[in-house]
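# Per-entry structural report
The lines below spell out each chain.
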Amino acid sequence: MPEQYKYTNNLINETSPYLLQHAHNPVNWHAWNKETLELAKKENKLIIISIGYSSCHWCHVMEHESFENEEVAKVMNGNFISIKVDREERPDIDQVYMNAVQLMTGRGGWPLNCIALPDGRPIWGGTYFPKENWINALNQLADLYKNTPEKAIEYAEKLTEGVKNSELVHLKKIHTENTFSNLNLTVKKWRETMDFDLGGRKGAIKFPMPNNYEFLLRYAVQAEDNKILDYVNTTLTNMAYGGIYDQVGGGFARYSTDKKWHIPHFEKMLYDNGQLVSLYSKAFQATKNELYKNTVYHTLNFIERELTSDEGAFYSSLDADSNNTKNELEEGAYYVWEKEELKTLLGLDFKLFSDYYNINNYGLWENNNYVLIRNSSDIEIAKKHSISISKLQNNITIWQKLLLKERAKREKPRLDDKTLTSWNALMLKGYIDAYATFNEKHFLDVAIKNATFIYTKQLQENGSLNHNYKNGKSTINGYLEDYASVIDAYIALYEITFNEVWLNTAKQLTDYTFDHFYNTEKFMFYFTSDEDANLITRKMEIEDNVIPASNSIMAKNLFKLSHYYSNNYYLKVSKQMLENIKENAQQYGSGYSNWLQLMADYVGNYYEIAISGKNALDKIVELNQKYIPNKLVAGSTKKSGLPLMENRYNENETLIYICVDGACQLPVNNTKEALNQLKIKF
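First, a word on scope: everything that follows refers to the structure included in this document.

Cut-offs applied
For every chain, the first residue of its written sequence is number 1, and the numbers climb from 1 along that sequence. Given that the model is predicted, a residue must reach a pLDDT of at least 70 before its local features are reported, and side-chain atom pairs must reach 80 or more before they are shown or counted; all residues, however, enter totals for whole chains, interfaces and linings. The side-chain values count all of the structure's non-hydrogen atoms but skip hydrogen atoms and water molecules. Pairing between strands is defined by DSSP: at least two bridges between them are needed. Only DSSP runs of H or I with at least four residues qualify as helices, and only runs of E with at least two residues qualify as strands; both kinds are numbered from the N terminus onward. Working convention: axes come from line fits to C-alpha atoms, limited for helices to the stretch in contact. Angles between N-to-C directions cover 0 to 180 degrees. Note on contacts: a residue pair qualifies if any of its non-hydrogen atoms lie within 4.5 Å across the two residues. The span you would expect from a helix comes to 1.5 Å times its residue count less one. Each residue is assigned to one of three classes by its accessible area relative to the maximum for its type, calculated with a 1.4 Å probe on protein chains only: buried under 20%, partly exposed between the two thresholds, exposed over 50%. A 3.5 Å cut-off defines polar contacts: any pair of N or O atoms within that distance qualifies, except that in protein one atom must be a possible hydrogen donor and the other a possible acceptor, and neighbouring residues in sequence count only when both atoms are side-chain atoms. Nonpolar core, defined: a set of buried Ala, Val, Leu, Ile, Met, Phe, Trp, Tyr and Cys residues in which side-chain atoms within 4.5 Å join the residues together. Of all possible arcs, the one meant is that of the directions from the helix axis to the C-beta atoms. Stacked, tilted and edge-to-face are the three classes applied to pairs of Phe, Tyr and Trp rings, where Trp contributes its six-membered ring and a pair requires centres within 6.5 Å; stacked means planes under 30 degrees apart, edge-to-face means over 60, and tilted covers the rest. Either the NZ atom of lysine or the CZ atom of arginine qualifies as a charge over a ring when it sits within 6 Å of the ring centre and within 35 degrees of the ring normal. An angle below 35 degrees is read as roughly parallel, one above 145 as roughly antiparallel, one from 65 to 115 as roughly perpendicular, and any other as oblique. For a crossing to be left-handed, the near helix must be turned anticlockwise from the far one by less than a right angle; the clockwise case is right-handed. In this classification, the charged set is Asp, Glu, Lys and Arg, the nonpolar set is Ala, Val, Leu, Ile, Met, Phe, Trp, Tyr, Cys and Pro, and all remaining amino acids, among them Gly, are polar.

Turning our attention to the sheet that holds strand β5 (residues 122-126). Overall, mixed pairing links the five strands, which are arranged β1-β3-β2-β4-β5 in an open sheet. Each edge of the open sheet is held by one strand with a lone partner, namely β1 (29-31) and β5. The mean inter-strand angle of the sheet, taken between neighbouring strand axes irrespective of direction, is 30°. Note that strand β2 (residues 46-52) and strand β3 (residues 80-86) share seven bridges and pair parallel. In the strand pairing of β3, Ile 47 is matched with Ile 81. Contacts from helix α4 (residues 70-79) reach β1, β2 and β3 within the one sheet, and its direction differs from that of β3 by about 110°.

This is how it looks when you write it as structure tokens:
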């Protein structure tokens, strides 16, 4: 018999797991749509815009304290039109109101709660509010709008102007040269914030920031800066050793609340794991550190086990919270262990296990719970316990299987089973980079299946992409992040398969973004399409965060596509985009690290590698064993009309051409000679 609910609101008609979580609140929630916005104007009521996502711990806390409470609901329903927004479905709405709250309070986060005029212009907001504070604030705002509406309108006008003027991009007409000394100065300033002992930024909280370390890895190798290389290795090692990494099931949590990467905020997000698989794969190319390989394989096991659909699509996230033994939602309940429980499960192995995973004061969290964390290498542990490496690693595999099986008996964290195009493209890129590094055919199979899913389900007949997919339905017109990420992934997929469908689709999507997202005066792209309904302003995303800015990904895409298609306009736009933000990037490297990757492409040689002939795919597998960040690859096993491949096919032998700015060295037929031309050390 279906569960009986006292309340049901309009969110019951939505597909977002986050919105559906609130469908039985006493608050009369609405989704963001034309009808809701017209209702607010018709009833002349302030709007509550409450934004979160399904795996957000403090969103759940505020729901339980306030939105499930009838007293609070009475205040909200009487004086406001209340709108719930899934920030992952509608990053455009989140971007605008987050900006407003940051201008008001100096900080942001989720849940995000913003009060706006009936026309959507914000007047007040913040993040999490305890119940009494929330009620008091709402009553004051309702009185303000009822008694002195002109004051509310004045606040809204000033705040909206601030939102429009923040993060404005200015066209830089004077171009400066990109030099290695610029990069050196940027990294020198950045060093002040680096934790050289534990990795990451100094202090707590610690976020894995994959694009930071991708750039720093590249910089360290090209600049031969061993101190930065050591810093990157320290960070990657301690993240993989830490509690932020699920030592039992694989995969990374959102961030650690402490400085030693130990206690995570337990939700697992697809976008983190996709980018971290790329990062660890490239780090293995550069260092051959087996820890990095194991981390990639273990993480991809987790993705396939818990975040992959039968269609080859990837789900969005797993919640931080799950029910504990008392049937109460508790953060991390699924992942933590008690010592006695481990002793019973492991028997004679407990002593070795407890040393390996620190079932001691170092690994203790709270309430006698342990979050597994390492602080010694396999070699150190094996030596200490007088066992072979192979015996230890065999034990680790057995432990992981045993604990995974035991953990499966617990109530699982809630799954957010919507599929987002941009995040899928990040995970797709992770599989592509893993295949390029490890030549594991299964990784390529998964990548092609997901790329085909995006191509057949999310790419529309008019050339546009949709952002969301759920229950067999593709919805929500795509944002720049969707186009930029898919173009990037499709270029990368072409580089390992030489299937020109992926490269040509990347170009078609690029041309679509010029038609619908591009600002011709500023040489930058808006976050939203010109076909979307207007919000209070149209933003451009320029600062790299946990996910790189959609404009920085586009600028890199245009750089690559300009080479593939000999397209000078793409190159001109890419250069201008970089010029527009260069000053910011040099001041604040960690906030512009994906842009710095592009700057590095303009510094020194950037190699075009063209491989033509029947054995072209074998040659690229060999070349990909080396870390070569300053390259793009074109290839074909037959004749090709691509500008980089024209007149290069020879049916009798496979030739490798190494070119810089269109000037090519003599073709060679073996990888070793090609690497010599690239000046890559063996």
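Moving on, we come to helix α10 (residues 226-241). If you check α10, its first and last C-alpha atoms are 22 Å apart, about what 16 residues at 1.5 Å a residue would give, namely 22 Å. Taken residue by residue, α10 has Ile 228, Tyr 231, Val 232, Asn 233, Thr 235, Leu 236, Thr 237, Asn 238, Met 239, Ala 240 and Tyr 241 as its buried positions. Those residues of α10 hidden inside the fold are in contact with α8 (180-190), α9 (210-223), α11 (270-287) and α12 (290-306). Between a side-chain oxygen at the N-terminus of α10 and the backbone nitrogen of Lys 227 the separation is 3.2 Å; the capping residue is Asp 225.

Before going further, it helps to spend a moment on the nonpolar core. Of all hydrophobic cores here, the largest spans 163 residues; its most connected members are Trp 134, Leu 216 and Tyr 564. A total of 12 residues in this core trace back to one element, the largest contributor, which is helix α19 (residues 480-497). Discounting chain neighbours no more than four positions away, the residues touching Tyr 564 are Ile 491, Tyr 494, Glu 495, Leu 503, Leu 632, Val 633, Ala 634, Leu 642, Pro 643 and Leu 644. By size, the runner-up hydrophobic cluster in this structure holds 21 residues, among which are Tyr 97, Leu 112, Leu 159 and Leu 535.

A separate point is helix α24 (residues 616-623). Within the sequence span of α24, burial applies to Ala 616, Lys 619, Ile 620 and Leu 623. The buried side chains of α24 occupy one side of the element, clustering within an arc of 95° when seen end-on. Contacts from the buried residues of α24 go to α19, β20 (607-612), β21 (631-636), β22 (655-660) and α25 (671-677).

Counted by the stated rule, this structure contains 47 aromatic pairs. Measuring from ring centre to ring centre gives 4.8 Å for Tyr 356 and Tyr 357, while their planes differ by 90°; the resulting arrangement is edge-to-face. Judged by its relative accessible area of 3%, Tyr 356 falls in the buried class. Residue class for Tyr 357 comes out buried when judged on its relative accessible area of 2%. It is Arg 87 that lies over the ring of Trp 110; its NZ or CZ is 4.0 Å from the centre.

Helix α23 (residues 593-601) packs onto α8 with a crossing angle of 155° between their chain directions and a minimal axis gap of 11 Å. In terms of orientation, α8 lies roughly antiparallel with respect to α23. Handedness of the crossing formed by α8 with α23: left-handed. Here Asn 182, Leu 183, Thr 186 and Trp 190 of α8 lie close against α23, whose contacting residues are Ser 593, Leu 596, Met 599 and Ala 600. Grouping the constituent residues of the contact of α8 with α23 by class yields five nonpolar, three polar and no charged.

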